[in-house]
Amino acid sequence: RAKTRGASSIQFFSANDDEAAARRHALERDLASALANDQLWLAFQPFLNLGSDRICGFEALLRWQHPTLGAIPPAEFIPIAEETGLIHGIGHWAAKTACLAAAQWPRDLRVSVNLSAVQLKDKALLDGIAMALAEAGLEPRRLEVEITESVLISDFEGAISLLQSLSFLSITVALDDFGTGFSSLTYLRKLPLSRLKIDRSFVLDMLTDADCAAIVRSLIELAHELRIKVTAEGVETPEQLDYLRRVRCDEAQGYLIGKPIRIDNIHGTAAESFGQQLNT
Ligand code: C2E
Ligand code: MG
Ligand code: MG
Ligand code: MG
């Protein structure tokens, strides 16, 4: 990449810029074959239902183990996958793999899959998801998709119609990272949402900042009035969990409950040990 800038411009780039560009170039090149080379895998992070105190599902989170560069965080490679169009293949693989995994779990556990803005614009997405469900033999009500508002900004009407088609199939829709960005209340009114995920930054500050706590409490009340469930992200301490219970949050997710882990078969392993751990 540095070469294409021309010899005269190279002097203006520091060694760090060159390194970053070289890394980016290598990641772009290698991501194309990462799926075929078995370098991608899904980590699963549990959701705790605060009413029953039981694990009620897992979110699938993409992981890339690069042969020489090590673990590449999704925040770094998902934008690359989006820009190169690789997100379509990778996203389909993630949905299929998540459905196959969940089909092996107890039937009261759901799985959620993150969808990127680029995927939502793809006319083939709906068929792809329906096929993933059918191949896995997973009931559609056990699949949830998580979208962020970035999905909604560019093509709101298009996104609504796709989400409506998904919910028509009984797939539920969660709005991820709510409270960051613009978080228009129009989303809550116009989208077929089953769940709102309150961003980690609110959970982080709610016990030390009274205004933040007020926002969390009011968001939960507002969502409930609209028949939308609420999941709090990034719960790391027992005090945060206690507070969320008190304000009637429906579910919690975070390192306190469980970190994203590799699980091939949750039955008899993770789900039960999480359950025991939390019930004792
Ligand atoms: P997200 O969907 O909001 O996922 C939550 C992120 O917060 C995950 O980071 C998770 O590991 C982290 N996290 C969970 N609990 C805690 C906690 O208690 N404390 C802290 N500090 N962090 C916590 P991760 O796995 O690095 O994923 C980052 C983002 O990448 C995700 O945010 C999601 O937007 C995106 N992503 C991950 N997998 C996929 C995928 O399959 N498709 C798409 N389109 N995006 C994905
Ligand atoms: Mg998510
Ligand atoms: Mg999130
Ligand atoms: Mg978040």
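Structure: above.
For the structure given in this document, a descriptive report is provided here. A quick note: this is a predicted structure, and the numbers were derived from the prediction, not measured. Numbering of residues begins from 1 in every chain and follows the order in which that chain's sequence is written. Labels follow written order: the first chain is A, the first ligand is 1, and so on. The predicted origin of the model limits local features to residues at a pLDDT of at least 70 and limits the giving and counting of side-chain atom pairs to 80 or more, whereas totals for whole chains, interfaces and linings rest on all residues. Water and hydrogen atoms were dropped before computing side-chain values, which therefore reflect all heavy atoms in the structure.

### Considerations on the coordination of the magnesium ion (ligand 3)
Alright, step 1. With water omitted from the atoms examined, metal sites may look incomplete; donors here are N, O and S atoms no farther than 2.8 Å from the metal, or 3.2 Å in the case of Na, K and Ca. Within the first shell, the magnesium ion (ligand 3) binds the protein through Asp176 (OD), Asp177 (OD) and Glu233 (OE), at distances of 1.6 to 2.5 Å.
Alright, step 2. Donor residues for the magnesium ion (ligand 3) sit on one chain with the sequence pattern D-D-x55-E.
Alright, step 3. In this structure, the magnesium ion (ligand 3) is positioned 3.7 Å from the magnesium ion (ligand 2), and both are ligated by aspartate 176. Placement of aspartate 177 in strand β6 (residues 172-178) and of glutamate 233 in the loop between β8 (229-232) and α12 (238-246) is noted, with a sequence separation of 56 residues between them. Helix numbering and strand numbering both begin at the N terminus, where a helix is a DSSP run of H or I of at least 4 residues and a strand a DSSP run of E of at least 2.

### Topic: the pattern of salt bridges
Alright, step 1. When a carboxyl oxygen of Asp or Glu lies within 4 Å of a side-chain nitrogen of Lys or Arg, that pair is called a salt bridge. Under the counting rule described, the total for this entry stands at 13 salt bridges.
Alright, step 2. Where glutamate 28 meets arginine 24, a salt bridge forms, and the shortest distance between an N and an O atom there is 3.1 Å. One end of the pair is glutamate 28 and the other is arginine 24, both in helix α2 (residues 15-34) and four residues apart, which spans about a single turn.
Alright, step 3. When its relative accessible area of 23% is taken as the criterion, glutamate 28 is described as partly exposed.
Alright, step 4. Using a relative accessible area of 22% as the deciding quantity, one classes arginine 24 as partly exposed.
Alright, step 5. Measuring nitrogen to oxygen at the nearest pair gives 2.8 Å for the salt bridge that ties glutamate 251 to arginine 110. Linking glutamate 251 in strand β9 (residues 251-252) with arginine 110 in strand β4 (residues 110-114), this pair joins segments that are 141 residues apart in sequence.
Alright, step 6. Note on classification: 1.4 Å probe, protein chains only; a residue is buried when its accessible area is under 20% of the maximum for its type, exposed when over 50%, partly exposed between these limits. Under the relative-accessibility criterion, glutamate 251 is labelled buried at 5%.
Alright, step 7. Arginine 110 sits in the buried class, given a relative accessible area of 10%.
Alright, step 8. Here the salt bridges do not stand alone but share partners, grouping Arg110, Glu144, Arg195 and Glu251 into one network.

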